[in-house]
Each structure stands twice: as C-alpha cells, then as structure tokens.
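Fold and geometry: a report
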Amino acid sequence: MENFTNSILLPENLPEIESNTFNLLDKKYLRILLLQNLILYLLLSGALVIFLLLTEQKPPIFITLSVSLIIVLAVGLSLAITVLGFPKKGYLVREKDVSFQKGLITYKLTTVPFNRIQHVEVNQGILAKMYGLSSVKIYTAGGTSSDLVIPGLPVDDAQKLKAFLSEKISEHE
Amino acid sequence: MNKPDLSIPTRQSVKGLALIFIISIRQAIKMFWPLILILVIQNDIFKDRLVVVISILTALILLVVHTILYYLNFYFFVANGEFVLKKGYLRKKVLSIPLDRIQSVNTKQNLIQQLLNVVSLEIDTAGTIGMELKIHALENSFSTELQTLLRSAKKEKLDWATDELQEKTEAEEKLILKLSTSDLLKIGISQNHLRAGLIIIAFGFQIFQQIEDLFQEKAEEYSNELIGFMSNSSWALIAFLLVFFLLVSIIFSLFRTLLKYFDFKLLKKEDTYRVESGLINKRNVIIPHNKLQELNWETGPIKQIFGIYNLVFKQAVSGQNRRQQVVDAPGCLSRHLELLKTDLFGDEQLSLNPKIYSDSYYFRRLWILFGWLPVIIATPFLFSEWRFWGGVVFWLSLSAGYSFLILKKRYFRINNDQIRVSKGAISHKWEQMKLFKIQSVEFRQTIFQKRRSLASLHLTNASGTITIPYIGEMMAKQIYNYLLYHTEISEERWM
C-alpha cells in the first residue's frame, strides 16, 4: 500500500457520492420534527404568558406584540425549514462506508469509512417510540465531533443497519 | 529492585501509604467541608476540648484504616494479554484493558511524590475508563520497568510478524530536543502576552475586589488620591497601565513557562517519543508514532525574531481527558522542526505541490462577521453622536485588515498521502497529518457558497478536526472522494 500513487489529478476514476442516490428518512420522522417544533413554540409562548401574568409592571403593548411576533415568525421559519429541508436528509450505505446528508441552508455531507467505526448503537427517544422509529449512532474514536447519527429509521431497519455495520467492523479487527 | 514480574498481582510501593493517606484526607475534606464549616461556626460545641480531640482522632484513625485497607486491596498484574487493576475493599472493582488497546503509559510526579521518590502512573485508553487506570505510588525504578514491559508486550503483539523490530528493541534513547533555562527565557518572552494579560486582569480584578472589601475605607482614600492624580494626566495613566500590564504579563509568562517546561527533554527511542519536563510537577509522557494523529506547529511575530516554533503533538483523545492527551513543546528551532517532520512524515514532498488558497470570498464572509455585523448591531448608538462614525470607519478598516491577514495565511498543500494546512492571522500555524488517519470527512456548502461553486471540507481524525474553508466545489468533491478511497484501502494502524 505504501507505493500506491493514484494521483489526485485523475479523479474521474474514483467512486463518487451522488446525492440523489441517498435513502430518504421515514416520513413519520417529519411528524416528530414538527412535533418538536410545536413543543418549543408552546414552551416559548407559555413562558411569555406566565411572564405577563406574574409581572407587576406590564411592559408596553408595543413590546409585548413585537416579542410575540418574533416568536411566531421564528417558529414559522423553523417549521418551513423543517418541511422543506426534510427531503434533503438521507443516508447512504456503500460497500466500504456510510454517509449522511442534511441541510437546506447549509448542506452537510458526512462519510465514515467502515474501518474507522468503533461501535454502533441503536437509540430511541420518547417521541420516536410512539411512531416506532429509532436512530442509529455510529461512534468513531476520539471526541464526539466525528460521530454520525442517522435518525428516523423504522425499528427493524435500524436493527438491520446496526447488525450490518457491526459485522463490517468485526471484519476489520 | 528486581525486575518486576507482572504476571503476579503486585501492590503499590509501601511509601504509597503516605500518599494515599494525604489523598484521602484531601478527599475527606472535600466531601465533608460543609459539615466541618457548620461545626466551626457553631463553636459552642468546641467548648469541650475533649470532644474536639476525640472527634479529630476518630477521623484520623478511620482515615488510617481506610488507607491501609485501600493499599492492601490495590493490585495490578497482566494476565491473558490484559492489564488488570483490582481495587476497593467495600465495593470491589476490577478494571481490565487489553494491552493492545493501551494508547500510552505516562508518569507524573508532584512535589510530595518527588520527596518520596515515587511516581504516579496513568494508562491512557481511547475509551472512557482511562481516568480510573491510575496507580498513585510506584517505586521509580519499578515504574520504568513496568512502562517498558507494557510497551514491549504491546509491541510484540503488534509486530509479531516482523522479526527486525525485535532486534531493535534495545536501541538507545536519543535526545532530540532539550531546552535550557535561557531557551525558556526566550520562549517566555515570546508568549502571547495578550492572553496572559487577560488572565491577569481577570485574576487581578478579583483580588482587587477582595482587597477593597477588606480595607474599604483606606482604599477609598488612596484611590481617590490616585484618581485625582491620574485624571490630571490621562495620557500618563494609559502609558503607565500599558507598561505595567506588559511587565506583569512578561513576568507571569516567564514564570509559567519555567515552571511547566523546566528541564524539557524530547527523547526518541525506536518509534516512540518521550517528553520529560516540569519543575514542581514533573511529567513524563510517551508518544508512540502510530498513536500520533497530527503534528501542529506555530510561530508568531516575536517568536519569529528568535526563530522559535511552538510544537504540539496531537494524540487520540478520549473525550474526558482531552487536555492531557495534547503534548506540547513550547519552543523549538526550525532544524528541530525539520528533523521531527522528516521523522514523522518522511522526506518533505508536500512543498513540491502547489499552495491552494481559500477563495477570496472567504475574506468577505470574515469581514461581514468581524466588521459589519458588530456595526449593524451597534447602529442605534450611532445616531447619538457624530464621533461614533469615525469609530465605525476605524473598526471596519481594522477588521478588513485582520480578515485579509487570515485569508493570506489560509492555504493547504496535499499529495497522495499527506496534507498540510496553514492558517492564522497574526501568528502563523500549520497542521500536518497523514491522510489515512482520517476517520470521517464532511463536505459543507451554504447556499451562498453554492451560488459561487465553493465548499468547505472538515477532516476529522481521532484528535480533532482540520478545516479547509472556501475552496472550489469540484476540488472539494475530488479531495472528498480521494480521502475516502485512500482511507478505505489503508491497512495501517491509525491509532
């Protein structure tokens, strides 16, 4: 391997990652994301209402209105980004690596080669449990910055992916 | 002491009893200080001398018993290719780690340990139990034996196929870099005084407040006088503060550098570096070549005058003890740097490849971030006084200059097995790594970058991330694909 000299000047021979070949996440995962947004909205507006009820000196109506407007706008924006960005989210498993892409405004594509994975975990949050979804977390060595999470997978798929990846890891040990 | 036999369970040095005792006193105080505080405040309990003496004695006896039990139940040994550590008497704990998973074996010595002539030994793993694999008191000769044994045991396992390495095991340790006190003085002077200064200001401010509380009346008297004097000569005040600040900062830096890097030695033995340094807290860190992820070096305007580079060896981090895993040489000369680079990365080939700069659009983004954004936020204040507009012009040109400096230093060189990234603004920093050390690659593109066909790359290894911002989209994709291919066919051990 030491004498390997495939110059970077001839990149057309290298396998490429096509972003349209990615597997989309389960549709139900969008509902979870929207629910999360809604919960955040309820918390924010709840905090505002409680503040207005408890405070002695009522702030001017102008400020109250603009704060509520900002909350509504922020939530609207975040909902729009969630809905529009959802089709951008996806994962891809190739022969030798696993990738995840996301992002409407900032597109991010991350790839971890199988021979660098330390271990794999399947997680399930409360909301995800209600919809029968799981996420697969892929750990690499060192800090957390290179860990890869694939959310919004049906429980069966997540288990299968984990089993597949675990087998791939053991091949490299 | 004889050669230690690692297969039989061994206890720490007997001298360790004293050390464990001190550590447990410290722990006990840490745990019970609120209780002690309450007892001291309600001092009517202390009227009876006997009660005090008896309670202190009981506490001490308990601690002594704890120390002895802890000592007697603390064993370590090697069995079936695993390093095993047993500890605890109430709650028994067995920690075991396969020898080939051990990242490095380090020793440290604080003042008490120096007096007792023992060292503490830490075993670093890439996992999370690393913190617990710590032996507080080992006989000095014993620890070097253990260190070499652990290392050679590991080596045998790794290189069982190559016989040549076996012969070399007895190779002499070679001194690569040694810093004398005068070197350290130079290094201390060339430190980043702005940062040191800020620490001092934060620290000094606290002390000042405490002093103020203590001597409030007198201090007010003096400070009024001082303020009266200073306000008459505001330029004198500024000049005085500047000189004072600089002096304190230099002294502080000198002191810190001397303390931390006293008698600094970088030694090499086969494929392993060893770093020794410290005046009060002595450390001894071992860096095997294959565990090293990245070599960073840095120089600044003042450092350049002395021809000094600051070196950092980056090893795999395990999350919790992130800071311990970074080994730095505060100063080395360019010939030392060249030697290390050749040693780690082979003959210099990267300089044959072109410097690839970040796109000039990167400057615009930096300028918006550092220059325009603060100005826009400050707009409401601008209308109060015309003089602020001068400040705006000044700030914008300053931030433009700064962003320009960043852009000029942001480039990288890549060939088919290494990458070197250059960055910095006023100081200049380089990061070099072998490409197969990569464990994940990220391609990032904002919608603004997409319009200009630009993208950024984030290359992560086990010690951190190297960023290549704002390069051509095509090039970023090609590098991305190449890096994955290169890593996936690599069979070298990367950590």
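Residues numbered from 1 in each chain as written. Chains lettered and ligands numbered in written order. Predicted model: local features only at pLDDT ≥ 70, side-chain atom pairs only at ≥ 80, totals over all residues.

Considering the overall build of chain A
- In terms of helices and strands, chain A carries four helices and seven strands.
- Along chain A, helices and strands appear, N-terminal first, in the series β-α-α-β-β-β-β-α-β-β-α.
- Taking all 173 residues of chain A together, the buried fraction comes to 21%.
- A fraction of 50% describes how many contacts in chain A between residues 6 or more apart in sequence connect residues 24 or more apart. (Helix = DSSP H or I, 4+ residues; strand = E, 2+ residues; numbered from the N terminus. Buried ≥ 20, exposed ≤ 12 C-beta atoms within 10 Å, placed from the backbone. Contact = placed C-beta atoms within 7 Å.)

Side note on the pairing of strand S3 (residues 93-98) of chain B
- Pairing analysis gives six bridges linking strand S2 (residues 82-87) of chain B to S3(B), with the strands arranged antiparallel. Considered in S3(B), the bridge of Leu85(B) is made with Leu95(B). (Pairing = 2+ DSSP bridges.)

Examining the domain arrangement of chain A
All names here are of chain A.
- Here chain A is described as being made up of domain 1 (27-85) and domain 2 (89-171).
- Distance between the C-alpha centres of domain 1 and domain 2: 31 Å.
- The interface of domain 1 with domain 2 comprises eight residues on the first partner and nine residues on the second.
- Counting only elements with at least two residues in the side of domain 1 that touches domain 2, the list comes to helix H1 (27-54) and helix H2 (61-85).
- For the side of domain 1 that touches domain 2, the per-class residue count stands at five nonpolar, one polar and two charged. (Domains from an automatic or database assignment. Nonpolar A, V, L, I, M, F, W, Y, C, P; charged D, E, K, R; others polar.)

What about the pairing of strand S6 (residues 133-140) of chain A?
Residue and element names in this part refer to chain A.
- The pairing of strand S5 (residues 117-123) with S6 spans six bridges and is antiparallel. Among the inter-strand pairings, His119 is bridged to a residue of S6, identified as Tyr139.
- Bridge analysis of S6 against strand S7 (residues 148-154) gives five bridges, and the strand direction is antiparallel. The partner of Val136 across the bridge, within S7, is Ile150.

A few points about the environment of Gln36(A)
- If you trace the backbone, Gln36(A) turns up in helix H1.
- On a C-alpha basis, the gap between Gln36(A) and Ile150(A) in space is 17 Å, while along the polypeptide they are 114 residues apart.

Quick look at the confidence of the model for chain B
Residue and element names in this part refer to chain B.
- Summarising the model, chain B shows a mean pLDDT of 78, and 79% of its residues fall at 70 or more.
- Within the model, pLDDT remains below 50 along residues 158-169, and this stretch shows five contacts once partners closer than five positions in the same chain are excluded.
- Across the interface, the model reports ipTM at 0.87; the global pTM reads 0.73. (pLDDT = per-residue confidence, 0-100.)

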